[in-house]
Amino acid sequence: MTISNRLHFHDFQPALGDIKDDVLSGLQTEQKVIAPKYFYDAHGSKLFDRICRLPEYYLTRTEIGLLKQYGSEIAECIGSGATLFELGSGSSSKIRLLLDAVRPSIYVPMDISKEHLFGAASSLANDYDWLEIHAVCIDYSNSWQLPRSLQGNRRIAYFPGSSIGNLHDNEAHALLKRIAELVGVDGGLLIGVDLIKNVKLLEAAYNDRQQVTAAFNKNLLTRLNRELNADFRLERFEHQAFYNRDMNRIEMHLSSICSQFIQVAGQRFHFRAGETIHTENSYKYSIAGFHQLALRSGFAAVKVWVDRDNLFSIHYLESRR
Ligand code: AVI
């Protein structure tokens, strides 16, 4: 859909059936599980924006600090006139820091949350009158085929926020391989990756005092009540987030405070007291560990920027395909 000659929308939003099948099968396994991509309905996306501004959530402000400090070095790596794809663009706030420095010819924000994506793309189109924007509503964790019109120019992918951390190793590997194919020979990937660190700091970031993260986690149940005719009572579930040292990841769960039955899309599920739905993993990496993953996914490490407290890293990788 063409909104103006500089703003285009491409809608590949997953069908409702996808969430239903995913959720029902996730609730039938021994450890109940729901994929974190389902957090991001319109309200969930707003809550995530609030998380990014929380004092405990060091990730966003540290990444933004790095973008500000090293913007010109990053722009030098990327070069001007590229087509810039942003995966999981959300409210597209970080990209503003890059756009002026990098001057891509086309910007392609990709996100699963349609209202959020299209709103952010429209506001960028207003503010950047020299930029062509193609907003793509897509679940980038599945395989994708992008419109041919976007395949010219040198292609650079931007994947900020350590969203790679929300994927298991095999999923992260598959996604990086897909990105390497997308950008092709000469293409690059700029990616934000959260680092392994002090457990207290990590756990505080996912257990904020204002309980915005708890609301974000529980909003998933509100979404299932609305979209899958479920009857979760939010006061009967508790937010849990803790660091799993063996796996180098923060785990988020929703824990049932009592024994109860829940209806979801016409099926009945039993929860024991203390039984959880595992809703998210947020893997943390060492620089070397992330380089290994990048290497076996078709990328060569070119440059890495890290803040002086070693909290967060931004990598520039080049495709070897
Ligand atoms: C989007 N993603 C990188 C966030 C994270 O830190 O794993 C999602 C999040 N979950 C709870 N707080 C933030």
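- Going by the annotation in an unreviewed UniProt entry, the name recorded for the protein is L-histidine N(Alpha)-methyltransferase, with Methylomarinum roseum given as the source organism.

Topic: the overall build of the protein
Then comes step 1: Within the protein one finds 9 helices and 15 strands.
Then comes step 2: In terms of overall dimensions, the protein is globule-like: its C-alpha atoms have a radius of gyration of 20 Å, near the 20 Å expected for 321 residues.
Then comes step 3: Counting only C-alpha atoms and orienting by the principal axes, one finds that the protein spans roughly 60 × 45 × 35 Å.
Then comes step 4: In the protein, of all internal contacts separated by at least 6 residues, the share reaching a separation of at least 24 is 71%.
Then comes step 5: For the protein, the exposed area adds up to about 14300 Å²; of that, 47% sits on carbon and sulfur atoms.
Then comes step 6: The distance from the centre of the 36 positive side-chain charges to the centre of the 37 negative ones in the protein is 1 Å.

Structural notes on the pairing of strand E14 (residues 299-306)
Then comes step 1: Sheet topology note: the E14/strand E15 (residues 312-319) ladder contains 7 bridges and is antiparallel. Residue Val304 lies in a different strand from E15, and its bridge partner there is His315.
Then comes step 2: Between E14 and E15, which follow one another and run antiparallel, lie 5 residues, and Asn310 among them has a positive phi close to 55 degrees.

Some remarks on the site of the ligand
Then comes step 1: The local shell around the ligand holds 14 residues, among which Tyr57, Asn166, Tyr206, Glu280 and Ser282 are the closest.
Then comes step 2: Contact between the ligand and Tyr57: an oxygen atom at 2.5 Å from a side-chain N or O atom of the residue.
Then comes step 3: At 2.5 Å, a side-chain N or O of Tyr206 approaches an oxygen atom of the ligand.
Then comes step 4: In isolation the ligand has 340 Å² of accessible area, and contact with the protein removes 98% of it.
Then comes step 5: Elements with a contribution of two residues or more to the shell around the ligand: helix H2 (42-52), helix H8 (212-227) and strand E13 (276-283).
Then comes step 6: Across the shell around the ligand, the residue classes tally to 7 nonpolar, 6 polar and 1 charged.

Regarding the packing of aromatic side chains
Here a ring pair, both rings aromatic, is described through the centre-centre distance and the interplanar angle of the planes.
Then comes step 1: In this structure the tally under the stated criterion is 13 aromatic pairs.
Then comes step 2: With a centroid separation of 5.8 Å and an interplanar angle of 85 degrees, the aromatic rings of Tyr40 and Phe48 are classed as edge-to-face.
Then comes step 3: Of the residues examined, Phe48 reaches a relative accessible area of 26% and is grouped as partly exposed.
Then comes step 4: Between Phe48 and Phe216 the ring centres are 6.0 Å apart and the planes differ by 35 degrees, which places this aromatic pair in the tilted class. With Phe48 in helix H2 and Phe216 in helix H8, the pair connects residues that are 168 residues apart, well separated along the chain.
Then comes step 5: Here a set of aromatic residues connected by ring pairs shows up, and it is made of Phe39, Tyr40, Phe48 and Phe216.
Then comes step 6: Its guanidinium or amino end placed over the ring of Trp130, Arg103 lies 4.1 Å from that ring's centre, counting from NZ or CZ.
Then comes step 7: Lying across the ring of Phe261, Arg268 places its NZ or CZ 4.0 Å from the centre.

Cut-off values and rules
- Residues numbered from 1 in each chain as written.
- Predicted model: local features only at pLDDT ≥ 70, side-chain atom pairs only at ≥ 80, totals over all residues.
- Heavy atoms only, no water.
- Helix = DSSP H or I, 4+ residues; strand = E, 2+ residues; numbered from the N terminus.
- Rg over C-alpha atoms; globule rule 2.2 N^0.38 Å.
- Contact = heavy atoms within 4.5 Å.
- Areas by Shrake-Rupley, 256 points an atom, 1.4 Å probe, with all protein chains shown as cover.
- Lys, Arg positive; Asp, Glu negative; His and termini not counted.
- Charge placed at Lys NZ, Arg CZ, Asp CG, Glu CD.
- Pairing = 2+ DSSP bridges.
- Near = heavy atom within 4 Å.
- Polar contact = N/O pair within 3.5 Å; in protein donor to acceptor, adjacent residues only side chain to side chain.
- Nonpolar A, V, L, I, M, F, W, Y, C, P; charged D, E, K, R; others polar.
- Phe/Tyr/Trp six-rings, centres within 6.5 Å; stacked < 30°, edge-to-face > 60°.
- Buried < 20%, exposed > 50% of the residue type's maximum accessible area, 1.4 Å probe, protein only.
- Lys NZ or Arg CZ within 6 Å of the ring centre and 35° of its normal.

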